[in-house]
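Below are the chains, spelled out letter by letter.
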Amino acid sequence: MNYVILDVDTGIDDALAISYAVHSPELKILGITTCFGNATVEETTRNTLQVLDILGTDDIPVIAGAAQTFLRRESYEKPTWIHGEDGLGNTHLPAPKREVLQMKAHDFIISKVREYPHQVTVITVGCQTNLALAIEHDPEVARLVRQVVIMGGAVTVAGNITPHAEANIYTDPGAADFVFRSGIPITLVGLDVTLKTLLRRQHLNEWREKNTHVSHFLADICDFYMDAHQKNYPTLGGCSLHDPLAVGSVIDPSFVKAVPMHVEVVTAGEKRGQTVGCESQQPSNIHVCLEVDSDRFVSHFLQRIV
Ligand code: BDR
Ligand code: CA
């Protein structure tokens, strides 16, 4: 069984990733931990509970996590232009039906990694703060986890939040730097591949034609995301399936091809959040995904999602 913890900052594409994961029998989701990022942690936690309500899933624990950066130094600005004021495309959903599990996200990660040694995959699709805190509190986590899959970084392409940085790394570069140096086995699913996986307007129309509660919800949140992409990345031709690809690469690792690299994070200054990778420098600390079978992944995602 593929035990996973999803670490999210829900977020529109996070909501897609959650739906994809929940609909994938290959994964046993132990819990969903939340972090600040696309919105405040209170909002991303509420959004996560609301998404699970819409999916009709009440047996996956949700655990709230970090409200600020690992080193408590960097400032944080909510990216309302890409995910809306509420983080879900200004859909302003009804209040969640259930509560979070009363523990800290990093303690949940530690407890599950220890309960299932060498079996848990942590998929982070927000910043790496909760994971960094878990490793800081219990360094054995780096050895006991099965693997970490991070949606983040841009090793061979430009950034999306600044010319140098991808948003999840930029949000908390101190956490990313700590995690990258920890020795934990990491696969980086960054913009190098996620920009090649696109959801298009026609897919939203198809979801509406399916006419289910879930399909309408996903189409509604993606309207905002699609418009934001059209405005800010006009040449892309759709919106990127960043977070779903990280989940997809765990469901079927053959969707992507990764190479071992030595990757460092720029933690401050003009290039804050940049992920600088080198194939020849040893030792490698990360497997960086550089190729993706986009057609096969996107059609798998579309079949599963609604
Ligand atoms: C990442 O940033 C967030 O806005 C998305 O949810 C995704 O995790 C893409 O750079
Ligand atoms: Ca995200």
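All residue numbers refer to position in the chain's written sequence, counted from 1. Note on labels: chains are lettered from A, ligands numbered from 1, in written order. Given that this is a predicted model, residues contribute local features only at a pLDDT of at least 70 and side-chain atom pairs are listed and counted only at 80 or more, while totals for whole chains, interfaces and linings are drawn from all residues. Only heavy atoms go into the side-chain values, all of them from the structure, while hydrogens and water stay out.

Undergrad: Hey, could you run me through the nonpolar core in this one?
TA: For soluble globular proteins, nonpolar side chains are generally found buried alongside one another. To define a nonpolar core, start from buried Ala, Val, Leu, Ile, Met, Phe, Trp, Tyr and Cys residues and group those joined through side-chain atoms within 4.5 Å. For every residue, the accessible area (1.4 Å probe, protein chains only) is compared with the maximum for its type, and the residue is labelled buried under 20%, exposed over 50%, or partly exposed between those bounds. By size, the foremost hydrophobic cluster in this structure holds 58 residues, and its most contacted members are Leu16, Leu199, Trp207, Val247 and Phe301. Numbering goes from the N terminus for both helices and strands, where a helix is a DSSP run of H or I of at least four residues and a strand is a run of E of at least two. Ranked by residue count, the leading element in this core is helix H11 (residues 213-232), at 9 residues. Residues in contact with Phe301, not counting those within four places in the same chain, are Leu16, Tyr20, Leu199, Trp207, Leu241 and Pro244. Val113, Val120, Val179 and Phe180 belong to the second-largest nonpolar core, a separate cluster that totals 43 residues. Any pair of residues with heavy atoms lying within 4.5 Å of one another is described as a contacting pair.

Undergrad: Quick question: what am I supposed to make of the coordination of the calcium ion (ligand 2) here?
TA: Tetrahedral coordination by four donors sets the ideal angle at the metal to 109.5 degrees; octahedral coordination by six donors sets it to 90 or 180 degrees. Around the calcium ion (ligand 2), the protein contributes the donor atoms Asp9 (OD), Asp14 (OD), Asp14 (OD), Val125 (O) and Asp243 (OD), which lie 2.3 to 2.7 Å from the metal centre. Each metal site is built from N, O and S donor atoms within 2.8 Å (3.2 Å for Na, K and Ca), and since water is not included, such sites may look incomplete. Here the donor residues of the calcium ion (ligand 2) share one chain and are spaced in sequence as D-x4-D-x110-V-x117-D. Assigned by exposure class, Asp9 and Asp14 land together as buried.

Undergrad: Whenever I open this one, the sheet that holds strand S10 (residues 275-278) confuses me. Can you help?
TA: The strands that make up a sheet are held in pairs by hydrogen bonds between backbone atoms, and each pair lies either parallel or antiparallel. Note: two strands are recorded as paired if DSSP finds a minimum of 2 bridges between them. Strands sit in the order S3-S2-S1-S4-S5-S6-S11-S9-S10 across an open sheet of 9 strands; the sheet is mixed. Every other strand in the sheet has two partners, leaving strand S3 (62-63) and S10 as the edge strands with one partner each. Two elements, strand S1 (residues 2-8) and strand S4 (residues 120-124), share 5 bridges in a ladder whose sense is parallel. Residue pairing across strands places Tyr3 opposite Val120, the latter belonging to S4. Lines fitted to C-alpha atoms define the axes, with helix axes restricted to the stretch in contact, and inter-axis angles between N-to-C directions lie between 0 and 180 degrees. Strands in contact with helix H12 (residues 242-251) are S1, strand S2 (27-34), S4, strand S5 (147-151), strand S6 (186-189), strand S9 (256-265) and strand S11 (286-292); relative to S5, the strand with the most contacts, it is inclined by about 155 degrees.

Undergrad: What am I meant to see in unusual backbone geometry here?
TA: Trans is the prevailing form of peptide bonds, just as negative phi is the prevailing case for residues other than glycine. The residue after Thr10, namely Gly11, is reached through a cis peptide bond having omega -5 degrees. Note on placement: Gly11 falls in the loop between S1 and helix H1 (12-22). Its identity as a non-glycine residue notwithstanding, His118 has a phi of 60 degrees, on the positive side. Accessibility expressed as a relative area gives 45% for His118, which makes it partly exposed.

Undergrad: So what exactly am I meant to see when it comes to the packing of H1 against H11 here?
TA: For any two helices packed against each other, one specifies the inter-axial angle together with the distance between the axes. At their nearest, the axes of H1 and H11 sit 9 Å apart, and the two run at 145 degrees to each other. Between H1 and H11 lies a crossing of left-handed hand. Taking contact as the criterion, the partners of Ile12, Asp13, Ala15, Leu16 and Ser19 in H1 are, on H11, Leu218, Ile221, Cys222, Phe224 and Tyr225. Each residue is assigned to one class: nonpolar for Ala, Val, Leu, Ile, Met, Phe, Trp, Tyr, Cys and Pro, charged for Asp, Glu, Lys and Arg, and polar for all the others, Gly among them. A breakdown of the residues in the contact of H1 with H11 according to their chemical character gives 8 nonpolar, 1 polar and 1 charged. Left-handed is the label given to a crossing in which the near helix is rotated counterclockwise from the far helix by less than a right angle, and right-handed is the label when the rotation is clockwise.

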